[in-house]
Amino acid sequence: MSGRSHTIEDREVWQEWFDRLDAGPYHSPTYLETLAGEFEHESERAELFVYGDTDSFVYYPYIRRELTDFPFVREELSEPEAYSDIVSSWYYGGPLLSEGASPSLADEFVEAFSQFCADDGIVSEFIRFDPNRENYDRFDALEPTFNRETVNVDLTKGVDTLWDEFEKRNRNAIRQAQQTDLVVEPTTDPTDFEAFYDIYTNAMEAKDASDHYRFPYSFFKTLLGTDLATITVARYDGEVVGGAVVVHDDHIAHDYLRASNPDYWDLRVNNLLCYGAMMEMRDRGIDRFDFQGGRPGVFKFKKGFSTEGRGEFYIGKQIHCPEVYDSLTEAAADTGIDTNTGYFPAYREEKSN
């Protein structure tokens, strides 16, 4: 068996590999291309590593990040341009085993990819496994670690059943919102995109959110211009007061980015937004709505939409160039970065994963 890597410049080849899977939107070249360069650093680039042949293979897309943005890297390494690290697609990623492939292929991939990383100067690798694909269960050699529960809704169920599986407090909040003048609807109007972007940006500023959640308008515009995303907005007296961006394919939808004007929270706009977005996806014939996870308060809100559906989110941490990793971690600590928080990789400043 052999492995080979592709960049987004090999888009046609990458797409052919992706089309052989039922992988979900976070694993698609379109999404990775849109995300790279907007996620945290301009130097990011989307890549794909494939191990195996067209009948039996492992498909692994990721984002490569240069290390030269850090002054201490230039001081510590004689050839800083030769090194990088990688991180999974966001929210979910990780390697995927093709249908019918032998489980042993996963172990072979891990060995081959680790060697590729060591040879190519990839110092470390942070993996966000996909709860919907349960790929954490197929790649034991990557030592997946449970991180948190997620919430998902089976949209193939009847509307009444879905409603009954909401928590009572959520049903009451949605009813309250429905009795107001709020109107929730999908939109393709760029003016609505801009209105939501302003609300979202203000929300991230108020929360002092991680860079993970801060995007330029160009990212929203590009993402919403693909067939992978839909935005549902809430209006009050014709004004956009909130919105929910859903990333999806024909089978699964993800609660991606959402925000609302705090002046309207008492109307339960967030509950109605989520309900509207979820039902819009159901009307399109999509099978599952993944609310994903979050901090305790966020998770409490999300689980109001399902007393039944739960998933498990796992992460993985790999070091491929141990000596370089240790050297960079020590250098980072000397510059004041707290390298003992458990954040990975330790030489990067802590952000939300």
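Within each chain, residues carry numbers counting from 1 in the order of the written sequence. With the structure being a predicted model, the display of local features is reserved for residues of pLDDT at least 70 and the display and counting of side-chain atom pairs for 80 or more, all residues being used for whole-chain, interface and lining totals. Hydrogen atoms and water are omitted, and side-chain values are computed over all heavy atoms in the structure.

### A closer look at the overall build of the protein
What counts is decided by this rule: Under the DSSP-based scheme used, a helix requires at least four consecutive residues in state H or I and a strand at least two consecutive residues in state E, with every element numbered from the N terminus. Radius of gyration here uses only the C-alpha atoms, and the compact-globule reference equals 2.2 Å multiplied by the residue count raised to the power 0.38. Only protein chains enter the accessibility calculation, which uses a 1.4 Å probe. A residue is then buried if its area is under 20% of the maximum for its type, exposed if over 50%, and partly exposed in between. For this analysis, residues touch if any pair of their heavy atoms sits within 4.5 Å. Per-residue and other accessible areas were derived by the Shrake-Rupley procedure at a 1.4 Å probe size, with only the shown protein chains allowed to occlude residues. Residues scored as positive are Lys and Arg, those scored as negative are Asp and Glu, and His as well as the terminal groups of each chain are ignored. The atom standing in for a charge is NZ when the residue is Lys, CZ when it is Arg, CG when it is Asp and CD when it is Glu.
Along its length, the protein carries 11 helices and 13 strands. Taken over the C-alpha trace, the protein has a radius of gyration of 21 Å; the compact-globule value for 353 residues is 20 Å, and the two agree within 12%. Along the first, second and third principal axes, the C-alpha atoms of the protein reach 65 × 50 × 35 Å. Evaluated residue by residue, the protein yields a buried proportion of 55% over its 353 residues. A fraction of 73% describes how many contacts in the protein between residues 6 or more apart in sequence connect residues 24 or more apart. Surface accessibility of the protein: about 15700 Å² in total, with carbon and sulfur atoms responsible for 42%. Of the side-chain charges in the protein, 33 are positive and 69 negative, and the distance between the mean point of each set is 8 Å.

### What to know about unusual backbone geometry
Residues Trp 90 and Tyr 91 are joined by a peptide bond in cis, for which omega reads 15 degrees. For Tyr 91, the location among the structural elements is in the loop between strand 4 (84-87) and strand 5 (96-97). With an omega dihedral of -5 degrees, the bond running from Phe 344 to Pro 345 counts as a cis peptide bond. Looking at where Pro 345 falls in the secondary structure, it is placed in the segment after helix 11 (322-334). Even without being a glycine, Arg 268 presents a positive backbone phi close to 60 degrees.

### Some points on a negative patch on the surface
Going by this rule: Patches draw on residues past 30% relative accessible area with no salt bridge. Two like charges within 9 Å are joined, as are two nonpolar side chains (Val, Leu, Ile, Met, Phe, Trp, Tyr) within 5 Å. In the sections that follow, a salt bridge refers to a side-chain nitrogen of Lys or Arg positioned within 4 Å of a carboxyl oxygen of Asp or Glu.
There is a patch of like negative charges on the surface, built from Asp 107, Glu 108, Glu 111, Glu 134, Asp 137, Asp 140, Glu 149 and Glu 312. Examining the composition of the negative patch, we find that three residues originate from one element, helix 4 (residues 103-119), more than from any other. Tracing the sequence through the fold places Asp 107 in helix 4. Owing to a relative accessible area of 43%, Asp 107 belongs among the partly exposed residues under this scheme.

### Some details on helix 8 (residues 217-224)
Quick note on the threshold: Starting at the helix axis, one direction is taken to each C-beta atom, and the arc is that of these directions.
Within the sequence span of helix 8, burial applies to Phe 219, Phe 220, Leu 223 and Leu 224. Along helix 8, the residues classed as buried sweep out an arc of 115 degrees about the axis, all on the same side.

### A look at the packing of aromatic side chains
Spelled out, the test is: Think of it this way: a Phe, Tyr or Trp ring, Trp meaning its six-membered ring, pairs with another when their centres are within 6.5 Å, and the plane angle makes it stacked under 30 degrees, edge-to-face over 60, tilted otherwise.
In the structure shown here, the tally under the stated rule is 44 aromatic pairs. With 5.3 Å between their ring centres and 55 degrees between their planes, Tyr 26 and Tyr 31 make a pair best called tilted. Accessibility classification places Tyr 26 together with Tyr 31 in one group, the buried group.

### Some details on the packing of helix 6 (residues 168-178) against helix 9 (residues 269-283)
Going by this rule: Each axis is a line fitted through C-alpha atoms, and for a helix only the stretch in contact is used; angles between axes span 0 to 180 degrees, taken between their N-to-C directions. For classification purposes, an angle smaller than 35 degrees is called roughly parallel, one larger than 145 roughly antiparallel, one from 65 to 115 roughly perpendicular, and anything else oblique. Each residue gets one of three labels, nonpolar for Ala, Val, Leu, Ile, Met, Phe, Trp, Tyr, Cys and Pro, charged for Asp, Glu, Lys and Arg, and polar for the others, Gly among them.
Between helix 6 and helix 9, the least distance of the axes is 8 Å, while the angle of their chain directions is 95 degrees. On the basis of the axis angle, helix 6 is roughly perpendicular to helix 9. Between helix 6 and helix 9, the contacting residues are Asn 170, Ala 173, Ile 174, Ala 177 and Gln 178 on the first element and Asn 271, Leu 272 and Tyr 275 on the second. Taken together, the residues of the contact of helix 6 with helix 9 break down into five nonpolar, three polar and no charged.

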